[in-house]
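# Breakdown of the fold
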Amino acid sequence: TDRIRVGIVGYGNLGRGVETSIGLNPDLELVGVFSRRDPLSVETARPETPVFALSELDGLTDAIDVLILCGGSRSDLPVQTPELAAKFTLVDSFDTHAKIPEHFAAVDAAASAGGTVAVISTGWDPGLFSLNRLFGEAILPQGNTYTFWGRGLSQGHSDALRRIPGVAGAVQYTLPSERAIERVRAGENPELTTREQHDRECFVVLEEGADPEAIRETIVTMPDYFEPYNTTVHFISAEELARDHAGMPHGGFVIRSGESSPGVTQTIEYRLALDSNPEFTSSVLVAYARAAARLAASGTTGALTPFDVAPGLLSPKPAEQLRAELL
Ligand code: NDP
């Protein structure tokens, strides 16, 4: 077969999402999941998916065209991406924005030496949102770019709530401020403060005997996390938390508003509304894996970002068909 053979490295939320997404792409074939854990302890969504120890990858350079790295950005990818790029073409979703230049340099050195292709920081932010920020700036050099996130579940802020004594469980949603979005859409080009751009909504389950008013005060005054925002706190039951807040929704907007000549306002808007952040991110990773495998087959080497990958390579359709159908 000439299907592209894919390996998944790391099986968490993204790993699971990639496994599902490969099933929707008939030109791709899943070789298996590679985990640092005991393979017998990793339960995949599809029982037929083979699970291997990460160390087994070494012998499989000829059996895999591209790896999709699904580890965490904090401590997994800074180690795994350069290490594996020495031998395999791969993609990752590294999302620590401030460290992308450093990550790129380490991965580029490994991929260039190894003769592989490594597309880093795919996904939606970084990823699709980055592309839309770039389009906005390049097309409307006179103007402002706005990124709004949400409505979305923030893992970091939910963790901060759970660490408060008296809190038994909690989730936090980031919401784009409707008023701010309206001003941007209207072409006002406003300077927005942190407080004006996003709101925070918390759903909290209290431990028995905990004082709701004291906990609300602790939350809304928490420096960095909640103090700089308009924060709403709802107290709910453990049953409601489990029933209504188990998903991982996210999304947001990239808006560029600028003038092409004095008084002539042009606005570009790109929106994502995601029921599942990890499943969507995985779908993006899979499309970039296809592009990475094609680039490697055509002799490209080194690290790339979504800025460097031609969009036609993301599609399973040949260029000729894309010209006829989508241009
Ligand atoms: P997870 O925490 O679910 O998984 C990360 C790794 O942890 C896995 O690869 C897995 O490695 C290990 N792991 C998972 N479950 C368990 C478990 N039960 N016990 C022990 N280890 C486990 O992270 P996500 O998949 O949710 O996200 C990964 C990264 O994706 C995030 O850090 C984020 O930076 C990035 N991301 C990027 C986005 C973008 O738009 N660019 C959007 C969303 C996320 P192993 O199998 O080897 O143990």
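Quick notes on the rules
- Residues numbered from 1 in each chain as written.
- Predicted model: local features only at pLDDT ≥ 70, side-chain atom pairs only at ≥ 80, totals over all residues.
- Heavy atoms only, no water.
- Patch = residues over 30% accessible without salt bridge, like charges linked within 9 Å, V, L, I, M, F, W, Y side chains within 5 Å.
- Areas by Shrake-Rupley, 256 points an atom, 1.4 Å probe, with all protein chains shown as cover.
- Salt bridge = Lys/Arg side-chain N within 4 Å of Asp/Glu carboxyl O.
- Helix = DSSP H or I, 4+ residues; strand = E, 2+ residues; numbered from the N terminus.
- Buried < 20%, exposed > 50% of the residue type's maximum accessible area, 1.4 Å probe, protein only.
- pLDDT = per-residue confidence, 0-100.
- Core = buried A, V, L, I, M, F, W, Y, C linked by side-chain atoms within 4.5 Å.
- Contact = heavy atoms within 4.5 Å.
- Pairing = 2+ DSSP bridges.
- Axes fitted to C-alpha atoms, helices over the stretch in contact; angles between N-to-C directions.
- Near = heavy atom within 4 Å.
- Polar contact = N/O pair within 3.5 Å; in protein donor to acceptor, adjacent residues only side chain to side chain.
- Nonpolar A, V, L, I, M, F, W, Y, C, P; charged D, E, K, R; others polar.
- Phe/Tyr/Trp six-rings, centres within 6.5 Å; stacked < 30°, edge-to-face > 60°.

Together, L134, F135, I139 and F307 make up a nonpolar patch on the protein surface, roughly 390 Å² of accessible area in all. As for its placement among the helices and strands, F135 is situated in helix α4 (residues 128-139).

This part takes up unusual backbone geometry. Omega for the bond connecting D125 with P126 falls within 30 degrees of zero, at 5 degrees, which places this linkage in the cis form. Along the chain, P126 turns up in the loop between β6 (117-119) and α4. Each neighbour pair has its own omega, and for G150 with R151 the value is 0 degrees, a cis peptide bond. Looking at where R151 falls in the secondary structure, it is placed in the loop between β7 (143-149) and β8 (152-153). At N189, a position not held by glycine, the phi torsion is positive, near 50 degrees. Structurally, N189 can be placed in the loop between α6 (178-185) and α7 (194-197). Judged by relative accessible area, N189 falls into the partly exposed class, the value being 24%. Backbone geometry places D224, a non-glycine residue, at a positive phi of 65 degrees. By relative accessible area, which is 64% here, D224 ends up exposed.

Take the confidence of the model for the protein chain next. If pLDDT is low for a region, its predicted coordinates should not be looked at in detail. Across the protein chain, pLDDT averages 97, with 100% of residues at or above 70. Here the prediction assigns the complex a pTM of 0.95, and the interface score ipTM is 0.99.

With the rule as written, the count across this model stands at 16 salt bridges. A salt bridge links E269 to R185; the nearest nitrogen and oxygen atoms lie 2.8 Å apart. Highlighted residues: E269 in strand β13 (residues 264-274) and R185 in helix α6, separated in sequence by 84 residues. Among the ionic contacts, a cluster of salt bridges with common partners joins E182, R185 and E269.

With that out of the way, let us pick up the nonpolar core. Core analysis: the biggest nonpolar cluster contains 30 residues, and V18, I68, V91 and V119 have the highest contact counts within it. Among the elements of the structure, β1 (4-9), α1 (13-22), β2 (28-35), β4 (66-69), β6, α4 and α10 (277-297) are those that each provide at least two residues to this core. For this core, the leading source of residues is α10, giving nine residues. Filtering out sequence-adjacent residues up to four positions away, V91 remains in contact with L67, I68, L69, V119, L285, Y288, A289 and A292. Core analysis: the second largest hydrophobic core is formed by 20 residues, V31, F88, A111 and A118 among them.

On to the sheet that holds strand β11 (residues 230-235). Strand order in the open sheet made by the four strands is β8-β9-β10-β11, with mixed pairing throughout. Strands at the two margins of the open sheet, each flanked by one partner only, are β8 and β11. Running at roughly 145 degrees to strand β9 (residues 167-176), helix α5 (residues 155-162) makes contact with β8, β9 and β10 (198-206) of the sheet. Lying on the sheet, helix α8 (residues 212-220) is in contact with β9, β10 and β11; it crosses β11 at an angle near 150 degrees.

In the region of the ligand, 22 residues are neighbours, and L14, S35, S73, D95 and W124 sit closest. Contacts to the ligand include R37, whose side-chain N or O atom sits 2.8 Å from an oxygen atom. A distance of 2.9 Å is found between an oxygen atom of the ligand and a backbone nitrogen or oxygen belonging to D125. Isolated, the ligand exposes 920 Å² of accessible area, and the fraction of that covered by the protein chains is 70%. Elements supplying a minimum of two residues to the shell around the ligand: α1 and α10. Looking at the shell around the ligand residue by residue, the class counts come to five nonpolar, 12 polar and five charged.

For the rest of this paragraph, the subject is the packing of aromatic side chains. A complete count under the given rule lists six aromatic pairs for this structure. Seen in terms of ring centroids, F34 and F52 are 5.0 Å apart; in terms of plane orientation they differ by 15 degrees. Their pairing is stacked. Pair noted here: F34 is in strand β2 and F52 is in strand β3 (residues 51-53), with a separation of 18 residues, a long-range link. Overall, the relative accessible area of 1% leaves F34 in the buried class.

Our focus in this paragraph is the pairing of β4. Here β4 shows two buried faces, one formed by V66 and I68 and the other by L67 and L69. The pairing of β1 with β4 spans four bridges and is classified as parallel. Residue V6 lies in a different strand from β4, and its bridge partner there is V66. Note that β4 and strand β5 (residues 90-91) share two bridges and pair parallel. Bridging across to β5, I68 finds its partner in V91.

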